[in-house]
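# Topology and contacts: notes
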Amino acid sequence: MAEIINYVPSHFDHNIVPLDVPSAWVGLEKLIRPILDDFDIKPDRALEFGVDWGYSLSALAQVFGEVVGVDHFEGDINCGHVPNYDRVAHTRLQWPNVKIYAQSFWHFFANQGLVDERWSLCHIDIVHTYEATFSCGLEAAKRCDCVIFHDTESFADVRR
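Here we come to the side chain of Glu-48. Counting through the fold element by element, Glu-48 comes out in strand β1 (residues 45–49). Classification of Glu-48 as buried rests on a relative accessible area of 0%. At a separation of 2.4 Å, a polar atom in the side chain of Glu-48 contacts the side chain of Ser-56. Here Glu-48 is in contact with Ser-56, Leu-57, Leu-60, Val-68, Gly-69, Val-70 and His-123, once residues within four sequence places are set aside.

Here it is in structure tokens:
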């Protein structure tokens, strides 16, 4: 197994306006630009699996030229709620550079029109199981310059 690197950002970005919704991502929006700067990643296209209420999606939209969010909007056993697609779709209207796909990551990756797409960054925050997170991460790594995972400290399966 590869060693987990303890990333320390070179700076923090206080310019992103957070979306006013509940999120375990609060504060992490300050790390998007530093990650791009520290790892020489262009802010072209971001992909997110696990939109929930759209907090991280809105933060990515303020940095990247194009953002795609993918979520089946059915919730999961670990989140305790089911996000409302209509509410998230309405909220995302303030960012015309965002598209939302209401489907699983498997369906998204199976879309033949997207097979050869390349992404600058992918954020994964899905069902919090090893199998799903590993599968999604493996597929994302084939298509993305940088893949980041949420909940690696909160869920042992995600960290694994």
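Pairing between sheet strands relies on hydrogen bonds along the backbone, with the strands arranged either parallel or antiparallel. A sheet is described by the order of its strands in space; here five strands give the open sequence β3-β2-β1-β4-β5, paired in parallel fashion. The open sheet terminates on both sides in strands that have one partner only, identified here as β3 (98–101) and β5 (144–149). Neighbour to neighbour, the strand axes of the sheet diverge by 15° on average, direction disregarded. Where helix α5 (residues 130–143) meets the sheet, it contacts β1, β4 (119–124) and β5, and its direction lies at approximately 155° from that of β5.

Here we take up the pairing of β5. Two faces make up the sheet, and in a regular strand the side chains alternate between them. Relative to β5, β4 runs parallel, the two sharing five bridges. Following the sheet pairing, His-123 is matched in β5 by Ile-148. Considered for its hand, the β-α-β crossover made up of β4, α5 and β5 is right-handed.

On to unusual backbone geometry, then. The phi angle at Asp-40 is positive, at roughly 55°, despite the residue not being glycine. Residue position: Asp-40 is located in the loop between α1 (32–38) and β1.

Inspection of every chain in the model, using the stated rule, returns seven aromatic pairs. Geometrically, the ring pair formed by Phe-49 and Phe-108 is edge-to-face, given 5.6 Å between the ring centres and 75° between the ring planes. Here Phe-49 is found in strand β1, whereas its partner Phe-108 is found in helix α4 (residues 105–110), with 59 residues between them in sequence. With relative accessibility at 2%, the residue Phe-108 sits in the buried group. Measuring from centroid to centroid gives 6.5 Å for Phe-105 and Phe-109, while their planes differ by 75°, and the two rings are edge-to-face. Of the two residues, Phe-105 and Phe-109 both sit in helix α4, four residues apart, roughly one turn of that helix.

Reading the values: rules and limits
- Residues numbered from 1 in each chain as written.
- Predicted model: local features only at pLDDT ≥ 70, side-chain atom pairs only at ≥ 80, totals over all residues.
- Heavy atoms only, no water.
- Helix = DSSP H or I, 4+ residues; strand = E, 2+ residues; numbered from the N terminus.
- Buried < 20%, exposed > 50% of the residue type's maximum accessible area, 1.4 Å probe, protein only.
- Polar contact = N/O pair within 3.5 Å; in protein donor to acceptor, adjacent residues only side chain to side chain.
- Contact = heavy atoms within 4.5 Å.
- Pairing = 2+ DSSP bridges.
- Axes fitted to C-alpha atoms, helices over the stretch in contact; angles between N-to-C directions.
- Right-handed = clockwise from strand over helix to strand, strands pointing away.
- Phe/Tyr/Trp six-rings, centres within 6.5 Å; stacked < 30°, edge-to-face > 60°.

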